[in-house]
Amino acid sequence: MVSSGKARAHTNIALIKYWGKADEAYIIPMNNSLSVTLDRFYTETKVTFSEEYIRDVLVLNGQTVDDSEAAKIRRFMDVVRNIAGTSMYAYIESDNFVPTAAGLASSASAYAALAAACNEALNLKLTGKELSRLARRGSGSASRSIYGGFVEWEKGYDDATSYSFPIDADHWEDELAMIFVVINNKTKKVSSRAGMSHTRDTSRFYQYWLDHVDEDIASVKHAIKDKDFKYLGEVIEANGLRMHATNLGAQPPFTYMVEDSYLVMDIVHQCREAGYPCYFTMDAGPNVKILVEKKNQQAVIDALQKSFEDHQIIASDITRTNVEIIE
(Lines give C-alpha, C1' and ligand atoms only; values in the text may rest on other atoms or scores of the structure.)
Protein backbone atom coordinates (compact mmCIF):
# COMPACT_ATOMS: atom_id res chain seq x y z
CA MET A 1 0.00 0.00 0.00
CA VAL A 2 1.28 3.47 -0.96
CA SER A 3 -0.61 6.70 -0.21
CA SER A 4 0.42 10.32 -0.53
CA GLY A 5 -0.79 13.87 -0.01
CA LYS A 6 0.61 17.34 -0.57
CA ALA A 7 -0.32 20.56 1.21
CA ARG A 8 0.63 24.24 1.44
CA ALA A 9 0.47 26.30 4.63
CA HIS A 10 1.47 29.88 5.32
CA THR A 11 3.40 31.03 8.36
CA ASN A 12 2.02 33.50 10.88
CA ILE A 13 3.18 36.24 13.19
CA ALA A 14 1.68 36.57 16.67
CA LEU A 15 0.22 39.97 17.46
CA ILE A 16 -0.63 38.83 20.98
CA LYS A 17 2.25 36.60 21.97
CA TYR A 18 2.48 32.96 23.01
CA TRP A 19 5.23 32.85 25.61
CA GLY A 20 5.58 29.82 27.84
CA LYS A 21 4.18 26.29 27.94
CA ALA A 22 1.96 24.82 30.61
CA ASP A 23 2.62 21.33 29.23
CA GLU A 24 5.90 20.72 27.38
CA ALA A 25 4.96 17.29 25.97
CA TYR A 26 1.63 18.30 24.43
CA ILE A 27 2.64 21.93 23.79
CA ILE A 28 -0.19 23.45 25.78
CA PRO A 29 0.49 27.21 26.19
CA MET A 30 0.26 29.30 29.32
CA ASN A 31 -1.91 31.88 27.56
CA ASN A 32 -4.10 32.48 24.52
CA SER A 33 -2.47 34.15 21.53
CA LEU A 34 -3.63 35.87 18.34
CA SER A 35 -1.87 36.09 14.98
CA VAL A 36 -2.05 37.11 11.33
CA THR A 37 -1.18 34.73 8.51
CA LEU A 38 1.28 35.97 5.89
CA ASP A 39 0.99 35.62 2.13
CA ARG A 40 4.69 35.69 1.24
CA PHE A 41 6.02 33.00 3.58
CA TYR A 42 4.80 29.42 3.19
CA THR A 43 5.77 25.74 3.14
CA GLU A 44 4.78 23.03 0.66
CA THR A 45 5.06 19.45 1.89
CA LYS A 46 4.40 16.10 0.22
CA VAL A 47 4.09 12.97 2.34
CA THR A 48 4.15 9.44 0.97
CA PHE A 49 3.37 6.49 3.24
CA SER A 50 4.39 2.98 2.26
CA GLU A 51 4.60 -0.43 3.89
CA GLU A 52 7.97 -0.79 2.17
CA TYR A 53 9.65 2.03 4.10
CA ILE A 54 11.69 1.08 7.17
CA ARG A 55 11.88 4.55 8.73
CA ASP A 56 10.71 8.13 8.22
CA VAL A 57 12.88 10.20 5.87
CA LEU A 58 12.73 14.00 5.62
CA VAL A 59 14.02 15.86 2.56
CA LEU A 60 14.06 19.60 3.27
CA ASN A 61 14.67 22.01 0.39
CA GLY A 62 16.17 19.16 -1.61
CA GLN A 63 18.53 17.96 1.12
CA THR A 64 18.05 14.83 3.22
CA VAL A 65 17.97 15.80 6.90
CA ASP A 66 20.20 13.72 9.18
CA ASP A 67 18.79 11.52 11.91
CA SER A 68 19.50 13.86 14.82
CA GLU A 69 17.72 16.79 13.18
CA ALA A 70 14.83 14.58 12.02
CA ALA A 71 14.10 13.27 15.52
CA LYS A 72 11.40 15.89 16.20
CA ILE A 73 9.68 15.11 12.90
CA ARG A 74 9.68 11.41 13.72
CA ARG A 75 8.05 12.05 17.09
CA PHE A 76 5.34 14.00 15.29
CA MET A 77 4.88 11.19 12.76
CA ASP A 78 4.40 8.76 15.66
CA VAL A 79 1.47 10.94 16.76
CA VAL A 80 0.05 10.75 13.22
CA ARG A 81 0.47 6.96 13.11
CA ASN A 82 -1.28 6.63 16.45
CA ILE A 83 -4.26 8.64 15.18
CA ALA A 84 -4.39 6.73 11.90
CA GLY A 85 -3.89 3.29 13.43
CA THR A 86 -1.08 2.49 11.02
CA SER A 87 2.54 1.40 11.32
CA MET A 88 3.62 2.75 7.92
CA TYR A 89 6.62 5.05 7.73
CA ALA A 90 6.75 8.07 5.45
CA TYR A 91 8.94 9.83 2.91
CA ILE A 92 8.52 13.56 3.49
CA GLU A 93 9.49 16.19 0.91
CA SER A 94 9.25 19.75 2.22
CA ASP A 95 10.12 23.09 0.63
CA ASN A 96 10.15 26.34 2.58
CA PHE A 97 9.35 29.43 0.55
CA VAL A 98 10.81 31.88 3.03
CA PRO A 99 13.48 34.43 2.00
CA THR A 100 16.75 33.12 3.40
CA ALA A 101 17.42 36.44 5.11
CA ALA A 102 14.01 36.78 6.71
CA GLY A 103 15.08 35.48 10.09
CA LEU A 104 11.61 33.96 10.27
CA ALA A 105 11.13 30.52 11.77
CA SER A 106 9.25 28.27 9.38
CA SER A 107 8.08 25.71 11.96
CA ALA A 108 4.53 27.11 11.96
CA SER A 109 3.98 26.66 8.23
CA ALA A 110 6.08 23.46 8.16
CA TYR A 111 4.04 21.51 10.71
CA ALA A 112 0.71 22.89 9.48
CA ALA A 113 1.55 21.71 5.95
CA LEU A 114 2.81 18.35 7.24
CA ALA A 115 -0.33 17.79 9.31
CA ALA A 116 -2.58 18.59 6.34
CA ALA A 117 -0.55 16.40 3.97
CA CYS A 118 -0.79 13.46 6.41
CA ASN A 119 -4.51 14.06 6.78
CA GLU A 120 -4.88 13.82 3.00
CA ALA A 121 -2.54 10.86 2.52
CA LEU A 122 -4.16 8.72 5.21
CA ASN A 123 -7.72 9.96 4.58
CA LEU A 124 -8.10 10.89 8.24
CA LYS A 125 -10.89 13.36 7.48
CA LEU A 126 -9.86 15.66 10.33
CA THR A 127 -11.87 18.82 10.91
CA GLY A 128 -10.13 22.20 11.02
CA LYS A 129 -10.18 22.03 14.82
CA GLU A 130 -8.67 18.54 14.82
CA LEU A 131 -6.07 19.54 12.25
CA SER A 132 -5.09 22.52 14.39
CA ARG A 133 -4.67 20.22 17.40
CA LEU A 134 -2.50 17.86 15.36
CA ALA A 135 -0.28 20.65 13.99
CA ARG A 136 0.17 21.95 17.56
CA ARG A 137 1.87 18.67 18.51
CA GLY A 138 4.71 19.59 16.15
CA SER A 139 4.95 23.32 16.87
CA GLY A 140 2.66 25.45 18.98
CA SER A 141 2.39 28.28 16.47
CA ALA A 142 1.58 25.74 13.72
CA SER A 143 -1.90 25.39 15.22
CA ARG A 144 -2.57 28.96 14.02
CA SER A 145 -1.23 28.37 10.48
CA ILE A 146 -4.15 26.07 9.67
CA TYR A 147 -6.14 29.24 9.01
CA GLY A 148 -5.64 32.49 7.13
CA GLY A 149 -6.29 36.02 8.35
CA PHE A 150 -6.61 36.77 12.06
CA VAL A 151 -6.43 33.59 14.16
CA GLU A 152 -6.75 32.96 17.90
CA TRP A 153 -5.16 30.01 19.68
CA GLU A 154 -7.26 28.94 22.65
CA LYS A 155 -4.80 27.72 25.27
CA GLY A 156 -7.17 25.09 26.68
CA TYR A 157 -6.03 22.77 29.45
CA ASP A 158 -5.30 19.50 27.63
CA ASP A 159 -4.80 18.05 24.15
CA ALA A 160 -8.50 18.12 23.30
CA THR A 161 -9.14 21.73 24.31
CA SER A 162 -6.05 23.52 22.93
CA TYR A 163 -6.63 24.58 19.31
CA SER A 164 -6.90 27.61 17.02
CA PHE A 165 -9.80 29.15 15.16
CA PRO A 166 -10.24 32.04 12.68
CA ILE A 167 -11.58 35.46 13.61
CA ASP A 168 -13.92 37.11 11.14
CA ALA A 169 -12.52 40.51 10.14
CA ASP A 170 -14.88 41.25 7.23
CA HIS A 171 -11.88 41.17 4.83
CA TRP A 172 -10.09 43.96 6.73
CA GLU A 173 -6.91 41.89 6.38
CA ASP A 174 -6.84 42.85 2.70
CA GLU A 175 -6.04 46.44 3.70
CA LEU A 176 -3.10 45.53 5.95
CA ALA A 177 0.51 44.43 5.43
CA MET A 178 3.56 43.52 7.49
CA ILE A 179 7.12 44.73 6.96
CA PHE A 180 10.06 42.69 8.27
CA VAL A 181 13.29 44.41 9.19
CA VAL A 182 15.99 41.75 9.26
CA ILE A 183 18.68 42.75 11.71
CA ASN A 184 20.33 39.43 12.44
CA ASN A 185 19.53 35.96 11.12
CA LYS A 186 22.25 34.13 13.03
CA THR A 187 21.50 31.41 15.57
CA LYS A 188 20.16 32.91 18.78
CA LYS A 189 22.15 32.54 22.00
CA VAL A 190 18.89 31.73 23.79
CA SER A 191 16.44 29.62 21.78
CA SER A 192 12.72 30.35 21.90
CA ARG A 193 12.08 27.12 23.78
CA ALA A 194 14.79 27.80 26.36
CA GLY A 195 13.74 31.44 26.70
CA MET A 196 10.12 30.50 27.34
CA SER A 197 10.99 27.96 30.02
CA HIS A 198 13.54 30.15 31.77
CA THR A 199 11.19 33.15 31.82
CA ARG A 200 8.18 31.14 32.98
CA ASP A 201 10.18 29.61 35.82
CA THR A 202 12.21 32.62 37.04
CA SER A 203 10.84 35.97 35.85
CA ARG A 204 9.47 38.35 38.45
CA PHE A 205 7.38 39.96 35.71
CA TYR A 206 5.87 36.79 34.22
CA GLN A 207 2.68 36.72 36.30
CA TYR A 208 2.00 40.34 35.37
CA TRP A 209 2.31 39.29 31.72
CA LEU A 210 -0.20 36.46 32.19
CA ASP A 211 -2.60 38.68 34.11
CA HIS A 212 -2.96 41.06 31.14
CA VAL A 213 -3.00 38.73 28.12
CA ASP A 214 -6.75 38.05 28.17
CA GLU A 215 -7.38 41.79 28.32
CA ASP A 216 -5.11 42.28 25.30
CA ILE A 217 -6.91 39.53 23.35
CA ALA A 218 -10.29 41.14 24.06
CA SER A 219 -8.97 44.56 23.04
CA VAL A 220 -7.58 43.26 19.75
CA LYS A 221 -10.88 41.54 18.93
CA HIS A 222 -12.67 44.81 19.62
CA ALA A 223 -10.24 46.67 17.33
CA ILE A 224 -10.76 44.08 14.57
CA LYS A 225 -14.53 44.32 14.85
CA ASP A 226 -14.37 48.12 14.60
CA LYS A 227 -11.51 48.11 12.05
CA ASP A 228 -9.68 50.47 14.38
CA PHE A 229 -6.07 50.31 13.23
CA LYS A 230 -4.73 52.75 15.82
CA TYR A 231 -6.24 50.83 18.72
CA LEU A 232 -5.07 47.50 17.27
CA GLY A 233 -1.54 48.81 16.88
CA GLU A 234 -1.31 50.29 20.35
CA VAL A 235 -2.41 47.02 21.96
CA ILE A 236 -0.09 44.73 19.99
CA GLU A 237 2.90 47.02 20.46
CA ALA A 238 2.41 47.13 24.22
CA ASN A 239 1.86 43.36 24.38
CA GLY A 240 5.09 42.65 22.52
CA LEU A 241 7.10 44.96 24.76
CA ARG A 242 5.63 43.36 27.88
CA MET A 243 6.66 39.93 26.62
CA HIS A 244 10.24 41.13 26.19
CA ALA A 245 10.11 42.76 29.62
CA THR A 246 9.49 39.32 31.17
CA ASN A 247 12.91 38.26 29.84
CA LEU A 248 14.57 41.19 31.60
CA GLY A 249 12.89 40.07 34.81
CA ALA A 250 14.27 36.53 34.56
CA GLN A 251 17.08 35.26 36.79
CA PRO A 252 19.55 35.73 35.19
CA PRO A 253 18.02 38.29 32.83
CA PHE A 254 18.45 38.16 29.06
CA THR A 255 17.18 40.03 26.01
CA TYR A 256 16.72 39.40 22.30
CA MET A 257 16.87 43.11 21.46
CA VAL A 258 19.96 44.75 19.97
CA GLU A 259 20.86 48.33 19.08
CA ASP A 260 19.28 48.18 15.62
CA SER A 261 16.05 46.81 17.11
CA TYR A 262 15.68 50.07 19.00
CA LEU A 263 16.56 52.02 15.86
CA VAL A 264 13.64 50.41 14.01
CA MET A 265 11.32 51.26 16.90
CA ASP A 266 12.47 54.88 16.70
CA ILE A 267 11.79 54.96 12.94
CA VAL A 268 8.30 53.59 13.57
CA HIS A 269 7.68 56.40 16.07
CA GLN A 270 8.94 58.93 13.51
CA CYS A 271 6.59 57.53 10.86
CA ARG A 272 3.64 57.89 13.19
CA GLU A 273 4.59 61.49 13.94
CA ALA A 274 4.78 62.12 10.20
CA GLY A 275 1.21 60.88 9.72
CA TYR A 276 1.90 57.26 8.68
CA PRO A 277 0.43 55.00 11.38
CA CYS A 278 2.42 51.79 11.91
CA TYR A 279 3.22 49.61 14.90
CA PHE A 280 6.02 47.19 15.73
CA THR A 281 6.18 43.77 17.31
CA MET A 282 9.06 41.38 18.01
CA ASP A 283 9.30 37.66 18.66
CA ALA A 284 12.21 35.76 20.22
CA GLY A 285 14.93 37.49 18.23
CA PRO A 286 16.24 40.92 17.27
CA ASN A 287 14.27 41.30 14.02
CA VAL A 288 11.34 43.70 14.04
CA LYS A 289 7.96 43.27 12.34
CA ILE A 290 5.88 46.34 11.49
CA LEU A 291 2.12 46.23 10.96
CA VAL A 292 0.95 48.92 8.55
CA GLU A 293 -1.99 49.82 6.36
CA LYS A 294 -1.17 49.10 2.71
CA LYS A 295 -1.82 52.71 1.76
CA ASN A 296 1.12 53.76 3.97
CA GLN A 297 3.40 50.78 3.33
CA GLN A 298 5.74 52.47 0.84
CA ALA A 299 6.18 55.54 3.03
CA VAL A 300 7.33 53.34 5.91
CA ILE A 301 9.66 51.37 3.63
CA ASP A 302 11.15 54.64 2.37
CA ALA A 303 11.84 55.72 5.94
CA LEU A 304 13.49 52.39 6.78
CA GLN A 305 15.69 52.51 3.67
CA LYS A 306 17.50 55.53 5.08
CA SER A 307 19.03 53.28 7.76
CA PHE A 308 18.82 49.73 6.40
CA GLU A 309 19.78 47.92 3.18
CA ASP A 310 17.07 46.90 0.73
CA HIS A 311 17.66 43.18 1.39
CA GLN A 312 16.95 43.76 5.09
CA ILE A 313 13.43 45.04 4.37
CA ILE A 314 10.84 42.44 3.32
CA ALA A 315 7.14 43.20 2.94
CA SER A 316 4.26 40.75 2.92
CA ASP A 317 0.51 40.96 2.50
CA ILE A 318 -1.80 39.14 4.90
CA THR A 319 -3.57 36.14 3.39
CA ARG A 320 -7.02 34.80 4.16
CA THR A 321 -6.12 31.44 2.59
CA ASN A 322 -6.38 28.42 4.89
CA VAL A 323 -4.02 25.46 4.68
CA GLU A 324 -4.79 23.78 1.35
CA ILE A 325 -4.28 20.53 -0.50
CA ILE A 326 -2.32 20.95 -3.72
CA GLU A 327 -1.56 18.63 -6.64
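It should be emphasised that the depicted structure is a prediction, and the values quoted were computed from it without experimental measurement.

Conventions and cut-offs
- Residues numbered from 1 in each chain as written.
- Predicted model: local features only at pLDDT ≥ 70, side-chain atom pairs only at ≥ 80, totals over all residues.
- Heavy atoms only, no water.
- Helix = DSSP H or I, 4+ residues; strand = E, 2+ residues; numbered from the N terminus.
- Buried < 20%, exposed > 50% of the residue type's maximum accessible area, 1.4 Å probe, protein only.
- Contact = heavy atoms within 4.5 Å.
- Core = buried A, V, L, I, M, F, W, Y, C linked by side-chain atoms within 4.5 Å.
- Domains from an automatic or database assignment.
- Salt bridge = Lys/Arg side-chain N within 4 Å of Asp/Glu carboxyl O.
- Patch = residues over 30% accessible without salt bridge, like charges linked within 9 Å, V, L, I, M, F, W, Y side chains within 5 Å.
- Areas by Shrake-Rupley, 256 points an atom, 1.4 Å probe, with all protein chains shown as cover.
- Phe/Tyr/Trp six-rings, centres within 6.5 Å; stacked < 30°, edge-to-face > 60°.

**Details of the side chain of Ser 261**
Part 1 of the argument: Along the chain, the position of Ser 261 falls in helix 7 (residues 259-273).
Part 2 of the argument: With a relative accessible area of 0%, Ser 261 lands in the buried category.
Part 3 of the argument: The residues touching Ser 261, leaving out its near neighbours within four places in the chain, are Ile 183, Met 282, Pro 286 and Val 288.

**Quick look at the nonpolar core**
Part 1 of the argument: Formed by 43 residues in total, the largest nonpolar core has its most connected members in Leu 34 and Phe 150.
Part 2 of the argument: Sort the elements by how many residues they give to this core and helix 5 (residues 206-226) lands first, with eight residues.
Part 3 of the argument: Looking at which domains feed residues into this core, each of domain 1 (2-171) and domain 2 (180-317) gives three or more.
Part 4 of the argument: If we skip the residues at most four places from it in the chain, Leu 34 touches Ile 13, Ala 14, Leu 15, Ile 16, Phe 150, Val 151, Glu 152, Ile 167, Ile 217, Val 220, Lys 221 and Ile 224.
Part 5 of the argument: In this structure, Ala 70, Phe 76, Val 79 and Ile 146 belong to the second largest nonpolar core, which totals 35 residues.

**Considering the domain arrangement of the chain**
Part 1 of the argument: Each assigned domain of the chain is listed with its residue range as follows: domain 1 (2-171) and domain 2 (180-317).
Part 2 of the argument: Taking the mean C-alpha position of each, domain 1 and domain 2 sit 24 Å from one another.
Part 3 of the argument: Taken together, the 33 residues of domain 1 in the interface contact 40 residues of domain 2.
Part 4 of the argument: Counting across the interface, domain 1 meets domain 2 through four salt bridges.
Part 5 of the argument: Linking Glu 152 and Lys 221 is a salt bridge whose minimum nitrogen-to-oxygen distance equals 2.6 Å.
Part 6 of the argument: At the level of elements, strand 1 (2-16), strand 4 (33-50) and strand 8 (150-154) are the ones that each hand at least two residues to the side of domain 1 that touches domain 2.
Part 7 of the argument: If you tally residues by element for the side of domain 1 that touches domain 2, the top one is strand 4, at seven residues.

**Structural notes on a nonpolar patch on the surface**
Part 1 of the argument: On the surface, Tyr 53, Tyr 89 and Tyr 91 cluster together into a nonpolar patch covering about 240 Å² of accessible area.
Part 2 of the argument: Mapped onto the elements, Tyr 53 comes out in the loop between strand 4 and strand 5 (57-60).

**Details of the pattern of salt bridges**
Opposite charge on two side chains lets them pair, provided their charged atoms get close.
Part 1 of the argument: Within this structure, the stated rule accounts for 17 salt bridges.
Part 2 of the argument: With a shortest N-O distance of 3.1 Å, Arg 8 and Glu 324 are connected by a salt bridge. With Arg 8 in strand 1 and Glu 324 in strand 14 (residues 324-325), this residue pair connects regions lying 316 residues apart in the sequence.
Part 3 of the argument: The partner of Lys 227 in a salt bridge is Asp 170, with the nearest N and O atoms 3.2 Å apart. Separated by 57 residues along the polypeptide, Lys 227 in the loop between helix 5 and helix 6 (229-248) and Asp 170 in the loop between strand 9 (163-167) and strand 10 (176-181) bring together distant segments of the chain.
Part 4 of the argument: Residue class for Lys 227 comes out partly exposed when judged on its relative accessible area of 35%.

**Overview of the packing of aromatic side chains**
Part 1 of the argument: Applying the stated criterion across every chain, the model contains eight aromatic pairs.
Part 2 of the argument: Judged by centre distance (6.3 Å) and plane angle (80 degrees), the ring pair of Trp 19 and Tyr 256 falls under edge-to-face. Here the residue Trp 19 occupies a position in the loop between strand 1 and strand 2 (21-23), and Tyr 256 occupies one in the loop between helix 6 and helix 7, the gap between them amounting to 237 residues. In this pair, the class of Trp 19 matches that of Tyr 256, namely buried.

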